[in-house]
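One-letter residues, chain by chain:
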Amino acid sequence: MTPAERRGLWLGVAGVAIFALTLPMTRLAVGTPEAPLMSGLFVALGRAAVAGALSIVFLLAARAPLPRGDEWRALAITSGGVVFGFPVCTSIAMRHVEAVHASVIIGVLPLATALLGALLHRQRPSRAFWACATLGSLLVVAFALLRSGSTLRLQAADALLLAAVAFAAVGYAWGARLSQRMRAEHVICWALVLALPLTLPLAWWTWPQATVPASAWWGLGYVSVFSMWIGFFAWYRGLALGGTVRVSQVQLLQPFLSMVFAVPLLHERLDATSVGFALAVIATVFVGRRMPVVRAPATPVLSPAVEHR
């Protein structure tokens, strides 16, 4: 492993540690079916609007250049995945499922990101890698079916969480691709600014009508500043340096960290089934991360001097 790839892995770990609190904090903001707080749409759009406003300040302070040509299209795809798709689906779903449950469903995200990354970056993971990826996916679906009380269908909230996985994988893969041509922090900032004409008025339109406790606002604050903004500074840079297929697998830490954080924050309980499935998913992704991946020639990551364009 080269120094750049090692640095990419550590940046990925930093990003995952920040993202691990996303589900518990979202649950804190939206409440439960019995005690609803903010709407899922407001949390999803509000976090993007706050992060978008911060992005304008950051881009102006950094004197960031405007994206060029086809970079706008890639930014639109990235925005659709990580600014709209993932936040909206998870925010709505988190009112109906516990963070412990949702963290295991989201555990399939590393595998989905690896698939999209392999296609976009023309990488060729080994058959053993995909065997691990398939096994992990089956474990996640089996867990959702078991918790739904049915062997034939998923709950609506589980379907939303799986849709969130697909959106995030697209946003991660395209964002990582852009981060090889632009600074990683500029990628997420421009994606947020591009969405701001929609997120800002819609957040205002969905503003809570009833009074909500301070804890809900703290939850919204965390997902706005950290989950939607700062976490991506480290995450996209890590994917660009270490390779999307490999670095995406450090997300194997996220389900476990999310469940651990949910216990003190939300007073949720860790049962043996959740822990068992989470450990099984983590094991499959960990083994898959060690399998060979052939990297096709691609545009090199920009040198430090060029990164400041």
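Treat the numbers as computed from the prediction; the structure is a model and nothing was measured.

1. Looking at the overall build of the chain
Within the chain, the regular secondary structure consists of 14 helices and 2 strands. Here the C-alpha radius of gyration of the chain, 19 Å, is about what a compact globule of 309 residues would show, namely 19 Å. Judged by the C-alpha coordinates and their principal axes, the chain covers about 55 × 45 × 30 Å. Within the chain, buried positions represent 55% of all 309 residues.

2. Re the packing of helix α1 (residues 3–19) against helix α10 (residues 214–242)
Contact pair α1 / α10: the axes reach a minimum separation of 7 Å and the direction vectors enclose 160°. In terms of axis orientation, α1 runs roughly antiparallel to α10. Between α1 and α10 lies a crossing of left-handed hand. Between α1 and α10, the contacting residues are A4, E5, R7, G8, L11, G12, A14, G15, V16, I18 and F19 on the first element and Y222, F226, S227, I230, G231, F232, A234, W235, R237, G238, L241 and G242 on the second. Looking at side-chain class alone, the contact of α1 with α10 contains 13 nonpolar, 7 polar and 3 charged residues.

3. What about the pattern of salt bridges?
Side-chain pairs of opposite charge can arise whenever the charged atoms involved come near each other. Within the structure shown, the criterion is met by 3 salt bridges. As a salt-bridge pair, E185 and R183 come within 2.7 Å of each other at their nearest N and O atoms. By relative accessible area, which is 13% here, E185 ends up buried. Three or more residues joined by partner-sharing salt bridges are found here, namely D70, E71 and R181.

4. Some points on the packing of helix α4 (residues 71–93) against helix α8 (residues 156–178)
Direction vectors running N to C along α4 and α8 enclose 155°, while the axes themselves pass 7 Å from each other. The orientation of α4 relative to α8 falls into the category roughly antiparallel. Handedness of the α4/α8 crossing: left-handed. Its residues assigned to classes, the contact of α4 with α8 comprises 19 nonpolar, 7 polar and 2 charged.

5. Remarks on the nonpolar core
Nonpolar side chains in soluble globular proteins tend to end up buried together. Grouped together as the largest cluster of nonpolar side chains are 82 residues, with contacts concentrated most on M38, V83, Y172, L192, F232, W235 and Y236. The element best represented in this core is α8, accounting for 11 residues. Residue contacts for L192: discarding those within four places in its chain leaves A48, A51, G52, S55, V83, M228 and W229. A114, F129, V245 and M291 belong to the second largest nonpolar core, which has 5 residues in total.

6. Looking at unusual backbone geometry
Positive phi outside glycine occurs at R63, with the angle close to 50°. Structurally, the position occupied by R63 is in the loop between α3 (40–62) and α4. Owing to a relative accessible area of 77%, R63 belongs among the exposed residues under this scheme.

7. Concerning the packing of aromatic side chains
Summed over all chains, the structure comprises 16 aromatic pairs. Between F19 and W235, the ring centres sit 6.2 Å apart and the planes meet at 75°, which makes this aromatic pair edge-to-face. Here F19 is found in helix α1, whereas its partner W235 is found in helix α10, with 216 residues between them in sequence. Pair check on accessibility: F19 and W235 agree, each one buried. Measuring from ring centre to ring centre gives 5.9 Å for W72 and W190, while their planes differ by 75°; the resulting arrangement is edge-to-face. With W72 in helix α4 and W190 in helix α9 (residues 184–205), this pair connects stretches of sequence that are 118 residues apart. With relative accessibility at 32%, the residue W72 sits in the partly exposed group. What links up through ring pairs into an aromatic cluster is the set F19, Y172, F232, W235 and Y236.

8. Topic: a nonpolar patch on the surface
Judged by side-chain polarity, L66, W72 and L194 come together as a nonpolar surface patch covering roughly 280 Å² of accessible area. Among the structural elements, L66 can be located in the loop between α3 and α4.

Thresholds applied
Residues numbered from 1 in each chain as written. Predicted model: local features only at pLDDT ≥ 70, side-chain atom pairs only at ≥ 80, totals over all residues. Heavy atoms only, no water. Helix = DSSP H or I, 4+ residues; strand = E, 2+ residues; numbered from the N terminus. Rg over C-alpha atoms; globule rule 2.2 N^0.38 Å. Buried < 20%, exposed > 50% of the residue type's maximum accessible area, 1.4 Å probe, protein only. Axes fitted to C-alpha atoms, helices over the stretch in contact; angles between N-to-C directions. Parallel < 35°, antiparallel > 145°, perpendicular 65-115°, else oblique. Left-handed = near helix turned anticlockwise from the far one by under 90°. Contact = heavy atoms within 4.5 Å. Nonpolar A, V, L, I, M, F, W, Y, C, P; charged D, E, K, R; others polar. Salt bridge = Lys/Arg side-chain N within 4 Å of Asp/Glu carboxyl O. Core = buried A, V, L, I, M, F, W, Y, C linked by side-chain atoms within 4.5 Å. Phe/Tyr/Trp six-rings, centres within 6.5 Å; stacked < 30°, edge-to-face > 60°. Patch = residues over 30% accessible without salt bridge, like charges linked within 9 Å, V, L, I, M, F, W, Y side chains within 5 Å. Areas by Shrake-Rupley, 256 points an atom, 1.4 Å probe, with all protein chains shown as cover.

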